[in-house]
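Observations on the model geometry
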Amino acid sequence: MREIKEGRGSPHGGVFLDIAWIKKKIPNGAEHIKKKLPSMYHQFKQLADIDITEQPMEVGPTTHYVMGGIRVDSDTQMSRLPGLFAAGECAAGINGANRLGGNSLSDLLVFGKRAGEFAAKFARENLPGQIDMDKIDIVARETLAPFEQSDGENPYAIQKDLQETMQDLAGIVRTETEMREALERINNFKARADRAAVSGNREYNPGWHTALDLKNLLTVSEAITRAALERKESRGAQFREDYPEKDERFSKVNTIVYKSADGGMAVRLEPLPEMPDYLKGIIQEMK
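Just so it is clear, the model here is predicted, and its values are computed rather than measured. (Residues numbered from 1 in each chain as written. Predicted model: local features only at pLDDT ≥ 70, side-chain atom pairs only at ≥ 80, totals over all residues. Heavy atoms only, no water.)

**Structural notes on the overall build of the protein chain**
Note the following rule: Segments assigned H or I by DSSP are reported as helices when at least four residues long, segments assigned E as strands when at least two residues long, and all are numbered from the N terminus. In what follows, a contact means two residues having at least one pair of non-hydrogen atoms within 4.5 Å. Using the Shrake-Rupley algorithm and a 1.4 Å probe, accessible areas are obtained, with residue cover drawn only from the displayed protein chains. The charged-residue count follows a simple rule in which Lys and Arg add positive charge and Asp and Glu add negative charge, with His and chain termini not counted at all. In this description, the location of a charge corresponds to atom NZ of lysine, CZ of arginine, CG of aspartate or CD of glutamate.
Along its length, the protein chain carries 9 helices and 6 strands. Overall, the C-alpha framework of the protein chain stretches about 70 × 60 × 40 Å when taken along its three principal axes. In the protein chain, once contacts between residues fewer than 6 apart in sequence are set aside, the share between residues at least 24 apart is 55%. Carbon and sulfur atoms make up 54% of the accessible area of the protein chain, which totals about 19600 Å². Each charge class in the protein chain was averaged separately, 40 positive and 44 negative side chains, and the resulting centres sit 4 Å apart.

**Quick look at the packing of aromatic side chains**
Rules: Stacked, tilted and edge-to-face are the three classes applied to pairs of Phe, Tyr and Trp rings, where Trp contributes its six-membered ring and a pair requires centres within 6.5 Å; stacked means planes under 30 degrees apart, edge-to-face means over 60, and tilted covers the rest. Partly exposed residues are those whose accessible area sits between 20% and 50% of the maximum for their type, while under 20% is buried and over 50% is exposed, using a 1.4 Å probe and protein chains only. Our definition puts a charge over a ring when NZ of Lys or CZ of Arg is within 6 Å of the ring centre and also within 35 degrees of the ring normal.
Tallied over the full model, the rule gives 2 aromatic pairs. For the ring pair Phe85 and Phe122, a centre distance of 6.1 Å and an interplane angle of 70° mean the geometry is edge-to-face. Of the two residues, Phe85 sits in the loop between strand E2 (57–59) and helix H4 (104–125) while Phe122 sits in helix H4, which places them 37 residues apart along the sequence. The partly exposed category is assigned to Phe122, whose relative accessible area is 25%. Sitting over the face of the ring of Tyr258, Arg268 holds its NZ or CZ atom 4.8 Å from the ring centroid.

**Observations concerning the nonpolar core**
Quick note on the threshold: Buried Ala, Val, Leu, Ile, Met, Phe, Trp, Tyr and Cys residues that are joined via side-chain atoms within 4.5 Å together make up what is termed a nonpolar core.
One finds Leu162, Ile186 and Leu218 to be the most contacted residues of the largest nonpolar core, which totals 17 residues. Within the residue set of this core, elements represented by two or more residues are helix H6 (155–169), helix H7 (176–194) and helix H8 (206–230). Per element, the largest residue contribution to this core is 6 residues, and it comes from H8. When neighbours within four sequence positions are excluded, Ile186 is seen to be in contact with Leu162, Met166, Leu218, Ser221, Glu222 and Thr225. One finds Tyr41, Phe44, Ile52 and Met57 within the second-largest nonpolar core, a separate group that totals 8 residues.

**Observations regarding H4**
Quick note on the threshold: Expected span, for any helix, means 1.5 Å times one less than how many residues it has.
The terminal C-alpha atoms of H4, which comprises 22 residues, lie 31 Å apart, in line with the 32 Å expected from a rise of 1.5 Å per residue. Among the residues making up H4, those that are buried are Asp107, Phe111 and Ala115.

**Here we look at the pattern of salt bridges**
Heads up, the rule is: Any Lys or Arg side-chain nitrogen located within 4 Å of an Asp or Glu carboxyl oxygen qualifies as a salt bridge.
Evaluation of the coordinates by the stated rule reveals 24 salt bridges. Put simply, Arg192 and Glu153 hold a salt bridge, and the shortest N to O gap is 2.5 Å. Of the two residues, Arg192 is situated in helix H7 and Glu153 in the loop between helix H5 (133–148) and H6; the sequence distance between them amounts to 39 residues. Here Arg192 falls in the buried class, since its relative accessible area comes to 12%.

**Concerning the packing of H6 against H8**
Working note: a packed helix pair is described by the angle between its axes plus the distance between those axes. Our working rule: Note on definitions: angles span 0 to 180 degrees between N-to-C directions of axes, and those axes are lines fitted to C-alpha atoms, for helices only across the stretch in contact. Roughly parallel covers angles under 35 degrees, roughly antiparallel covers those over 145, roughly perpendicular covers 65 to 115, and oblique covers all other angles. What makes a crossing left-handed is the near helix being turned counterclockwise from the far one by less than a right angle; a clockwise turn instead makes it right-handed. In the scheme used here, Gly and all other residues not listed as nonpolar or charged are polar, with Ala, Val, Leu, Ile, Met, Phe, Trp, Tyr, Cys and Pro taken as nonpolar and Asp, Glu, Lys and Arg as charged.
Packing of H6 against H8 brings their axes to within 9 Å, and their N-to-C directions diverge by 25°. With respect to H8, the axis of H6 lies roughly parallel. H8 is crossed by H6, and the crossing has left-handed handedness. Counted together, Pro155, Tyr156, Ile158, Gln159, Leu162 and Met166 of H6 and Pro206, Gly207, Thr210, Ala211, Leu214, Leu217, Leu218, Ser221, Ile224 and Thr225 of H8 form the full contact between these two elements. Across the contact of H6 with H8, the residue classes tally to 11 nonpolar, 5 polar and no charged.

**A word on the environment of Phe85**
Between the C-alpha atoms of Phe85 and Leu212, which are 127 residues apart in sequence, the distance is 23 Å. Once residues lying within four places of it in the same chain are set aside, the contact partners of Phe85 are Thr76, Gln77, Met78, Ala115, Phe118, Ala119 and Phe122.

**Focus on the confidence of the model for the protein chain**
The following threshold applies: Residue-level confidence of the predictor, termed pLDDT, takes values from 0 up to 100.
Of all residues in the protein chain, 100% attain a pLDDT of 70 or more, and the chain-wide mean is 92. Per-element confidence in the protein chain is highest for H7, whose mean pLDDT is 97, and lowest for helix H1 (residues 2–5), whose mean pLDDT is 86.

**Things to note about unusual backbone geometry**
A positive phi angle, close to 55°, is found at Asn28, a residue other than glycine. Mapped onto the secondary structure, Asn28 falls in the loop between strand E1 (15–17) and helix H2 (29–36). Although it is not a glycine, Asp49 sits at a positive phi angle of roughly 55°. Position of Asp49 among the secondary structure elements: in the loop between helix H3 (38–48) and E2. In this structure Asp49 comes out as exposed when scored by relative accessible area, which is 56%.

**Examining the side chain of Glu233**
Going by this rule: Within 3.5 Å is the distance limit for a polar contact, defined as a pair of N or O atoms, with the added protein rule that one can donate a hydrogen and the other accept it, and that residues adjacent in sequence qualify only through two side-chain atoms.
For Glu233, the location among the structural elements is in the loop between H8 and strand E4 (239–240). Separated by 2.8 Å, the side chain of Glu233 and the backbone nitrogen of Asp247 make a polar contact. Apart from residues lying up to four places away in sequence, Glu233 is in contact with Gln238, Arg240, Tyr243, Glu245, Lys246, Asp247 and Phe250.

What follows is the structure in structure tokens.
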């Protein structure tokens, strides 16, 4: 990302990755690459006619996983909204600042089991909530609003601009100045999203779906940026050019994003709970 930002990127905004050098180190290097990276070899060969055992491949950084998520109780997986449970990688929990490769399935199995059991228990112990039909009508009108915008903006254009802003200003390598600019742009995108317009009908209308998604995309983008601003350090997947080192105080807190009294988005740092003795014992055993 630094190479790209400093103008030394590849023609399509990435960098060149060369793994063919391994042939100089081990016998049958080409076969070794095909065995270790079969899908990558196949994709580049089929889609770009590039043999990665001979040629460099053009690659670029992109979003992989979100390592935060909905705040839940660690035992029950219930959110702060009673009756709403979250499990797997939409729920904040075990990942911390650096998600380990391959743990998503175990995450889903362990916490999915908890969420299912406690959701069933909650359902047995509580009556169904009351449905406010007036609120349903309000949401339905808001959902259909993009069809009524005669001079509105294409939702795909707003989405594209948001993607480019987050990639360029709040991506892997971050600075406070750039993230402040990202927040300003996000506020502008919110106004544009309110004017998003779509045509056609409701049946399989991707433009309408995009218009509806914009609110959520903007919420998540703002949460990511505000949380990253608050974390004045580099740790895990966050690289702050203006704070290149780890800061011990951030290892002892969680970053909580919440709706403030005025309806805006706010951030607070909350101390981590003390680790239970039985978990401390397991960690000591594994050292």
